[in-house]
Each structure stands twice: as C-alpha cells, then as structure tokens.
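Breakdown of the fold
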Amino acid sequence: MIEKEKIIQIYRDVLDGRRVRFPNHFFVGDQGKTYLAFITSYLVEEYLGIPIEEIPRKVTAETLWTHRLRSPAYVFGWNFIEVIDNAYPGKFQPWEFNQVSNNYWQGENGRKRAIEAVRFVIEEKCKIPHQEIPLKINHRFFKDHKLNGIFYSFGDSPYQVINTVYPGQFQPWELANVPSNYWKNPENIKQALDWFLFQKLGFSSYEDALMKLQKKDFFQYRLAGLLQCAFDHRLIKVKQWIREQHIKDYLKSERRMN
C-alpha cells in the first residue's frame, strides 16, 4: 500500500492539473476504499477547511464531484453520502445532510429508513424517555433534526410518525398539540375520555367517574386542551357528558335484558 502522504500528493496533483487523472486501478478493492477515505478527509478538512461537525451542513454531492471525486465514487457505485461514510464511518446519518436523494423516504425501503431514523434520533441521539415522547415530538423536532423529508411523507402529522414508529403505544391526545379541530369530533372526545376515565384514572363506571372526577385530573394527564376546547373549561359540562353516557349504557342494558 502506498503511504498516505503519497496518496494525498497524487490527489493534489490531480486537483492542480499536474496529473490528468488518477493512476490506473488506483481505486480497487479495500485498498482503493482506503485511498478514497484518505483523499476525502484531506479534501474536506484541509483543502476546504470544513470542521468535521459541519460536514452534513456544508458538504454536498457538488462539493465532492467538482473536486474530482465523482469517478472514484462511481467505481464503488457510491453516492456522495456513502463516500463521506467511507471516510468517517458511522459518524453521520444520511438524513443529517442537507441533500438526500429525492426518493430516500419513499416506498417500502423509505418507510423502513424513516422508522429507523426517528427511532435513532429519539432513543440514541436525544435519549428521550419513552413516556415523554408525545411531548417532545412536534413540528420543531423534525426541523431541528433534519427529518423534514420524513414529516412530509407522513402528511405533516407528528402523531402519524409516532404511531408508525411505536404502533399503538400512544394516543393522539397525548401529544403536546393535537391536530386542529380534533376536539370537534364527538368520537374523538369519547375515545379520549373513555381512555382517561377508565385506563388512567381507573374509574369502574361512568357513575363512579361522575362522583369522583376532579378538574385537576385533566391537568395531571395533560388534557387541558380537551377540557378547554370540548367543554369550555367547565367541569359541570364534562359531568353532563358523563351522565349522558351513563344513561345510554343503562338504556342499552335494559334493551338487552328485555
């Protein structure tokens, strides 16, 4: 294997025009990958002066291709992100770059990438406790972590992303912000209140809830939005709704018995 300094000198000669091209069979096999790694890190850090932590933000395909690295990448069938990964293995995730392929998040493979990316950022990069996921995953989260492409693929809905990554583990109303007009749908209100009354507060029946429910319970379980939007922030209206459900259940029971 040629010494690293000689590899870099050959590359400088190519960049400066003293060489028309790289030597024949220069980029072949594992040795060729090593040579390309030397050249890539030299280009980025020394020739262009880009700090390593800024690579995803400042390096694009054009950066590499205009500095004569298109042909070496072509030898291995790599895109520019794979060239970077060869030089900095495991240092960056593809979605951290400003530029990814147009279809990166599309189709079955794109969906798998999306799930892996969101799970990685939540669990490995940000280390968000599981129970706090609904509060932390919002529009800003996707922008801050360069996951906008994922977001668009899921209809700009944080809940759709969360429910895909963690199927059935969270409810829409557990998010810091529910979709607009969510509490105008009576079925959504019923699903949320049934979950709240029976799963979270542990009431045995609507009648039990009618006697024991307190306004502070909504704040404890971050359902102030439901109380505000669906019931004008009035507990008496919630209890009126509970009473109506109790009556409906009673009438259903009577019909079954008759």
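Structure report, in brief. (Residues numbered from 1 in each chain as written. Predicted model: local features only at pLDDT ≥ 70, side-chain atom pairs only at ≥ 80, totals over all residues. Heavy atoms only, no water.)

1. Here's the deal with the environment of Gln-245
Short version of the rule: Elements are defined by DSSP. Helices are runs of H or I of four residues or more, strands are runs of E of two residues or more, and each kind is numbered from the N terminus. For the exposure calls, accessible area comes from a 1.4 Å probe over protein chains only, and a residue counts as buried if that area is under 20% of its type's maximum, exposed if over 50%, partly exposed in between. Pairs of residues are marked as contacts when any of their non-hydrogen atoms sit within 4.5 Å.
Position of Gln-245 relative to the elements: it lies in helix 16 (residues 235-257). Look at Gln-245 and you get buried, because its relative accessible area is 6%. Separated by 179 residues in the primary sequence, Gln-245 and Thr-66 have C-alpha atoms spaced 69 Å apart. Excluding anything up to four places from it in sequence, Gln-245 contacts Lys-190 and Tyr-206.

2. Regarding the packing of helix 1 (residues 4-16) against helix 2 (residues 29-47)
Each pair of packed helices gets described by two things: the angle between the helix axes and the distance between those axes. Keep this limit in mind: Here an angle of 0 to 180 degrees is reported between the N-to-C directions of two axes, which are lines fitted to C-alpha atoms, with helices fitted over the stretch in contact. Each angle gets one of four labels, with under 35 degrees taken as roughly parallel, over 145 as roughly antiparallel, 65 to 115 as roughly perpendicular, and the rest as oblique. The hand of a helix crossing depends on one turn: near helix anticlockwise from the far one by less than a right angle means left-handed, and clockwise means right-handed. Under the scheme applied, nonpolar residues are Ala, Val, Leu, Ile, Met, Phe, Trp, Tyr, Cys and Pro; charged residues are Asp, Glu, Lys and Arg; polar residues are all the others, including Gly.
Here helix 1 crosses helix 2 at 65°, and the two axes come no closer than 9 Å. Considering their axes alone, helix 1 and helix 2 lie roughly perpendicular with respect to each other. In this structure, helix 1 crosses over helix 2, and the sense of that crossing is right-handed. Residues Lys-4, Ile-7, Ile-8, Tyr-11, Arg-12 and Leu-15 of helix 1 touch helix 2, and the partners they reach there are Tyr-35, Phe-38, Ile-39, Tyr-42, Leu-43 and Tyr-47. Looking at side-chain class alone, the contact of helix 1 with helix 2 contains ten nonpolar, no polar and two charged residues.

3. Focus: the nonpolar core
Generally speaking, a soluble globular protein has its nonpolar side chains buried in company with each other. What counts, and what does not: Take the buried residues of types Ala, Val, Leu, Ile, Met, Phe, Trp, Tyr and Cys, join any two whose side-chain atoms come within 4.5 Å, and each joined set is a nonpolar core.
Core analysis: the largest hydrophobic core is formed by 34 residues, its most contacted members being Ile-55, Leu-64 and Ile-84. Listing elements by their share of this core, those giving two or more residues are helix 1, helix 2, helix 4 (61-65), helix 5 (70-76) and helix 6 (80-87). Ranked by the residues each element gives to this core, the list is headed by helix 2, at eight residues. Each residue touching Leu-64, except ones within four places of it in the same chain, is listed here: Leu-43, Val-59, Leu-69, Arg-70, Phe-80, Val-83 and Ile-84. In terms of nonpolar packing, the next biggest core, distinct from the first, is built from 24 residues, Trp-105, Ala-114, Ile-133 and Phe-154 among them.

4. Some words on the pattern of salt bridges
If the charged atoms of two oppositely charged side chains come close together, the side chains can form a pair. To keep it simple, the criterion reads: What makes a salt bridge here is a side-chain nitrogen of Lys or Arg within 4 Å of a carboxyl oxygen of Asp or Glu, nothing more.
Evaluated as defined, the whole model comprises eleven salt bridges. A salt bridge links Arg-18 to Asp-16; the nearest nitrogen and oxygen atoms lie 3.2 Å apart. Its relative accessible area of 54% is what places Arg-18 among the exposed residues. Salt-bridge contacts for Lys-136 lead to Glu-132; the nearest nitrogen and oxygen are separated by 3.0 Å. Exposure remark for Glu-132: the relative accessible area of 30% places this residue in the partly exposed category. Each of Asp-13, Asp-16 and Arg-18 takes part in a single network of salt bridges with overlapping partners.

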